[in-house]
Amino acid sequence: MSIQFAPDTGLLTLHTAHTSYQMWADSIGVLHHLYYGPSLGAGDDLRGTEFYSDCGFSPQPAGVEDRRYSLDTINQEYTGCGVGDYRIACLSLQNPDGSRTADLRFAGVEILPGKYALPGLPASFGSEDDCQTLRITLKDSVSRLTVTLLYGVFEAADVITRAVLFRNDADGPLTLNKAASACLDLPFGSWDLIHFQGRHCMERQKERMPLPRAVTTLRSARGASSHHHNPFAILAAPDAGEEAGECLGAMLVYSGNFKIECEVSQMGSTRLVAGISDENFSWTLAPGESFTAPEVLFSYSATGLGDLSHQYHRFLQEHVIRSRWKDRPRPVLLNNWEATYMDFDAERLYRIARQARELGVELFVLDDGWFGHRVDDKGGLGDWQINEVKLGCTLPELIHRIHALGMLFGLWVEPEMVSADSDLYAVHPDWAFAVPGRAPTTGRSQLVLDLGRPEVVDHLYQVMSHLLRDNDISYIKWDMNRNLTDVFSRALPASRQGEAAHRYLLGLYALLDRLTTEFPDVLFEGCAGGGGRFDAGMLYYFPQSWCSDDTDPIHRLKIQYGTSFGYPPAAMGSHVSASPNHQSGRSTPLATRAIVAMSGTFGYELDLQTLSDEEKEQVRSQIHTYRSLQPLLLQGRYDRLTDAATDRYFTAWQLTAADQSTAVINLVVLDPQANPWPIHIRPRHLDPKACYRDSLTGRVCSGAALCHAGLTLPALMGTYPAVQITLERTE
Ligand code: DGJ
């Protein structure tokens with residue numbers, strides 16, 4: 001049994017393969033958090049590890065005389081508000097009398113087979129063999145707010161999921177001004193925070209810092225999870241590295257405004273609270289109504305960051321990404337964006353596609369600029385009919401020509417947006433977010449549709465489903481090129497405007513659910529100006545996401561490195577583009593660009609006609625290599641062999657087959673040296689007893705020798721040289 005409840009003591013213990021998690025409902029119904037870490041013994045009771053002292057200025061709940069007992073110092077599973085815990089609160093409640101108090105007390109437990117679902121929200125899934133559900137009910141008896149804490153215990157995966165349901169059981173309205181998804185109080189230890197910050201074209205840059213005795217907040221207020229912060233954070237022991245040490249992750253399955261807050265308290269405990277951001281958020285519950293806070297995925301590793309990442313990769317692949325494509329070979333694609341931008345007609349596209357096909361590309365993707373009167377990025381969004389004048393043919397004719405080359409056809413769309421210069425906006429100007437009486441802020445000259453309105457979602461469903469039904473389209477790139485402003489919904493009364501940003505997400509999720517359910521064989525790739533919405537919420541619907549608009553391979557090393565802490569390579573869209581690179585102006589060898597792009601769903605983003613014959617042959621052989629290595633590259637275990645955020649000499653990473661029969665090591669030299677230091681790497685997770693041949697030298701030696709003594713490479717000279725070394729088991 002993964003979940004144990006002892007009604008006599010109030011102890012609740014969750015077990016996964018390598019971890020345990022313990023809580024305790026005490027005699028007045030406060031739910032304490034006792035432990036999350038390596039597996040405990042059966043029957044272990046950690047109440048004795050709690051520390052009580054009268055620390056002053058920490059108040060007692062009504063009726064409690066013992067001054068050592070305070071919610072301010074007790075480690076808790078989920079906090080109320082206004083009753084003496086001055087640390088970060090999970091909840092902010094406004095009662096009809098204006099009071100802002102919620103005192104949550106334990107009211108019961110249910111243990112159920114299988115995994116709970118969260119209606120309307122993306123969430124992990126699993127069978128009764130994978131998972132058990134725990135529902136803990138907390139109540140505030142005065143407000144009559146019922147808070148149900150949901151736990152999904154995935155035993156083999158070593159993941160514990162959390163989510164929360166709020167129900168108004170009172171006769172009048174209750175307003176939630178904050179409704180976090182989870183709180184995790186770590187009673188002891190000092191922790192480093194590892195998080196992934198950035199900007200457009202430089203997403204998910206890993207940063208690691210000791211948590212200060214203060215509140216540290218990662219957040220997005222952009223209506224999307226954003227390029228700037230990712231809804232994923234790791235707490236790591238100061239000595240934790242890739243191969244050793246304690247670390248735990250918190251990943252939100254949500255794509256909108258979020259907050260992950262950490263606080264080191266006066267007594268040295270560490271609190272992490274994660275959920276929808278409370279900035280500009282409120283949600284009013286009429287009597288009987290409920291609100292669901294999105295899911296958080298917790299995972300813990302006592303053996304370092306490499307194993308933690310591996311746990312997340314496996315979990316997302318097996319229990320979050322639901323597309324049929326997650327295990328299928330992904331077609332090698334050519335996307336015309338950096339080849340032509342919006343300057344094309346059907347003939348130009350056809351020539352690019354024909355060249356790509358000759359070299360082995362399987363899918364041609366037509367990016368932005370094919371619809372409405374879209375001559376530049378100032379108009380046309382919303383009018384999803386092909387611009388026949390610009391293209392010189394109909395969409396079926398274009399698709400037919402691509403198919404005749406033996407290629408699949410894919411299309412770019414940006415359905416959540418509208419241009420003021422569009423037919424859609426002329427008919428429905430009120431569908432875009434705008435505050436009455438104010439001219440709306442624009443981003444990339446476009447406005448955002450209010451997806452909180454069911455009629456907008458219905459319209460988008462009609463348009464997109466027709467496009468997919470009427471045309472043989474195998475792939476959709478779903479883009480979002482600005483963040484939300486003027487978040488005011490004309491469909492909501494003044495008192496409910498704090499709901500608009502989350503309702504946008506609910507509308508988006510409903511739309512994606514309908515489309516991906518109806519068209520399960522279409523390969524969808526998420527995108528938000530590159531990696532501006534790279535999160536587990538979007539991956540639930542779309543199995544892959546364009547990692548960044550920066551295709552410079554040297555920048556990509558850091559972007560993909562940061563992304564890899566939480567997200568698997570099979571989710572990372574990654575392409576070879578032109579040299580000099582369009583974003584950085586940097587020149588790099590074609591081989592290096594391909595090795596970097598192969599750590600994701602591989603493709604090209606340039607006009608291959610412009611390459612020399614020798615380069616074309618290289619492309620042919622890259623595609624051949626990728627095809628043969630794809631199962632390993634996308635489904636293998638991913639290990640970071642260097643720290644791409646800080647190492648200046650070279651970056652290396654490894655992919656290893658689950659049966660340890662093969663591994664691939666990729667290495668890019670950033671700064672070739674005169675009188676060079678040796679390039680020495682130690683592969684990981686090979687079978688120590690098996691023998692492997694390395695493709696670089698042809699030498700055969702044991703997995704033990706490779707993992708312990710390592711591989712020494714010859715000096716690599718020139719401009720960003722790279723190597724790809726395969727290790728094949730010989731017997
Ligand atoms: C942003 C995307 O990330 C690019 O790849 C491209 O699709 C453009 N949008 C098109 O507008």
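Above this text is the structure in question.
Residues numbered from 1 in each chain as written. Predicted model: local features only at pLDDT ≥ 70, side-chain atom pairs only at ≥ 80, totals over all residues. Heavy atoms only, no water.

*Asks:* Could you clarify how one ought to interpret the overall build of the protein in this entry?
*Replies:* On a plain count of helices and strands, the protein comes out with 13 helices and 38 strands. What you see for the protein is a C-alpha radius of gyration of 27 Å, in line with the 27 Å of a compact globule of 731 residues. Oriented by its inertia axes, the alpha-carbon framework of the protein measures out at about 85 × 70 × 45 Å. In the protein, which comprises 731 residues, the share counted as buried stands at 62%. A separation threshold of at least 6 residues defines the contact pool for the protein, and within that pool the share at least 24 residues apart is 68%. Distance between charge centroids for the protein: 2 Å, based on 63 positive and 88 negative side chains. (Helix = DSSP H or I, 4+ residues; strand = E, 2+ residues; numbered from the N terminus. Rg over C-alpha atoms; globule rule 2.2 N^0.38 Å. Buried < 20%, exposed > 50% of the residue type's maximum accessible area, 1.4 Å probe, protein only. Contact = heavy atoms within 4.5 Å. Lys, Arg positive; Asp, Glu negative; His and termini not counted. Charge placed at Lys NZ, Arg CZ, Asp CG, Glu CD.)

*Asks:* Please explain the side chain of Asn 481 as it appears in this structure.
*Replies:* Among the structural elements, Asn 481 can be located in the loop between β26 (475–478) and α8 (500–518). A distance of 3.0 Å separates the side chain of Asn 481 from the side chain of Asp 479, its partner in a polar contact. When near neighbours in sequence (up to four residues on either side) are disregarded, Asn 481 contacts Trp 412, Glu 414, Met 417, Arg 444, Gln 446 and Gly 529. (Polar contact = N/O pair within 3.5 Å; in protein donor to acceptor, adjacent residues only side chain to side chain.)

*Asks:* What is the right way to look at the sheet that holds strand β27 (residues 523–526) in this model?
*Replies:* Paired through their backbone hydrogen bonds, the strands of a sheet run either parallel or antiparallel. A barrel is described by the order of its strands in space; here eight strands give the closed sequence β21-β22-β23-β26-β27-β28-β29-β30, paired in parallel fashion. Direction aside, neighbouring strands of the sheet carry axes that sit 30 degrees apart on average. Sheet analysis places strand β29 (residues 572–577) next to strand β30 (residues 601–605), joined by five bridges and oriented parallel. Paired with Ser 577 across the bridge in β30 is Glu 605. The sheet contacts of helix α3 (residues 346–359) involve β21 (333–335) and β22 (363–366), and relative to β22 the element is tilted by about 155 degrees. Where α8 meets the sheet, its contacts fall on β26 and β27, and the angle it forms with β26 comes to roughly 170 degrees. (Pairing = 2+ DSSP bridges. Axes fitted to C-alpha atoms, helices over the stretch in contact; angles between N-to-C directions.)

*Asks:* Any chance you could explain helix α11 (residues 590–597) here in plain terms?
*Replies:* Since one α-helical turn is 3.6 residues long, residues separated by three or four positions face the same way. Within α11, seven of the eight residues are buried, which leaves it mostly tucked inside the rest of the structure. Residues Leu 590, Thr 592, Arg 593, Ala 594, Ile 595, Val 596 and Ala 597 constitute the buried set of α11.

*Asks:* Help me out: how do you make sense of the site of the ligand in this one?
*Replies:* Taken together, 13 residues are adjacent to the ligand, and Asp 367, Asp 368, Lys 477, Asp 479 and Asp 549 come closest. Here a nitrogen atom of the ligand and a side-chain polar atom of Asn 481 are 3.4 Å apart. Measuring from an oxygen atom of the ligand, one finds a side-chain N or O atom of Asp 549 at 2.3 Å. Calculation on the ligand without its partners gives an accessible area of 290 Å², and the protein chains cover 98% of this total. (Near = heavy atom within 4 Å. Areas by Shrake-Rupley, 256 points an atom, 1.4 Å probe, with all protein chains shown as cover.)

*Asks:* Would you explain the packing of aromatic side chains in this entry?
*Replies:* The geometry of an aromatic ring pair is captured by the separation of the ring centres together with the interplanar angle, meaning the angle of the planes. Within this structure, the stated rule accounts for 31 aromatic pairs. Between Trp 370 and Phe 371, the ring centres sit 5.2 Å apart and the planes meet at 75 degrees, which makes this aromatic pair edge-to-face. Trp 370 sits in the buried class, given a relative accessible area of 0%. Take Phe 371: its relative accessible area is 0%, and that puts it in the buried class. Taken together, a centroid distance of 6.4 Å and an interplanar angle of 70 degrees make the contact between Tyr 649 and Trp 677 edge-to-face. Taken together, the positions of Tyr 649 in the loop between β31 (637–640) and β32 (650–656) and Trp 677 in the loop between β33 (662–669) and β34 (679–681) put the pair 28 residues apart, joining distant regions of the chain. Overall, Trp 677 belongs to the exposed group, its relative accessible area being 61%. Each residue in the set Phe 196, Phe 232, Tyr 312, Phe 534, Tyr 561, Phe 565 and Tyr 567 is aromatic and connected to the rest through ring pairs, giving one cluster. The ring of Trp 325 has Arg 328 lying over it, and the distance from NZ or CZ to the ring centre is 5.0 Å. A cation sits over an aromatic face here: Arg 514 above Tyr 461, 3.8 Å from the ring centre. (Phe/Tyr/Trp six-rings, centres within 6.5 Å; stacked < 30°, edge-to-face > 60°. Lys NZ or Arg CZ within 6 Å of the ring centre and 35° of its normal.)

*Asks:* Quick question: what am I supposed to make of the environment of Glu 207 here?
*Replies:* Relative to the assigned elements, Glu 207 resides in strand β13 (residues 202–210). In the structure, Glu 207 is positioned 13 residues away from Ile 194 in sequence and 5.6 Å away in space, judged by C-alpha atoms. A distance of 2.8 Å separates the side chain of Glu 207 from the side chain of His 195, its partner in a polar contact.

*Asks:* Got a minute to help me understand the sheet that holds strand β5 (residues 91–94) in this structure?
*Replies:* With antiparallel pairing, three strands are arranged side by side in an open sheet as β5-β10-β19. Because the sheet does not close on itself, it has two edges, and the strands there are β5 and β19 (283–285). Within this sheet the neighbouring strands show an average axis-to-axis angle of 30 degrees, counted without direction. Where strand β10 (residues 174–179) and β19 come together, three bridges link them in antiparallel fashion. Bridging from a neighbouring strand, Thr 175 pairs with Thr 284 of β19.

*Asks:* I tried to follow the packing of α3 against helix α5 (residues 395–404) on my own but got confused; where do I start?
*Replies:* Angle between the axes and distance between the axes: these two values describe a pair of packed helices. With their axes 10 Å apart at the nearest point, α3 and α5 run at an angle of 20 degrees to one another. Here α3 is positioned roughly parallel relative to α5, judged by the angle of their axes. Here α3 and α5 pass one another in a crossing that is right-handed. Residues Ala 346, Glu 347, Leu 349, Tyr 350 and Ala 353 of α3 pack against Leu 398, Arg 401 and Ile 402 of α5. When the residues that make up the contact of α3 with α5 are grouped by side-chain class, the tally is six nonpolar, no polar and two charged. (Parallel < 35°, antiparallel > 145°, perpendicular 65-115°, else oblique. Left-handed = near helix turned anticlockwise from the far one by under 90°. Nonpolar A, V, L, I, M, F, W, Y, C, P; charged D, E, K, R; others polar.)

Any functional reading would require information beyond the geometric quantities listed.
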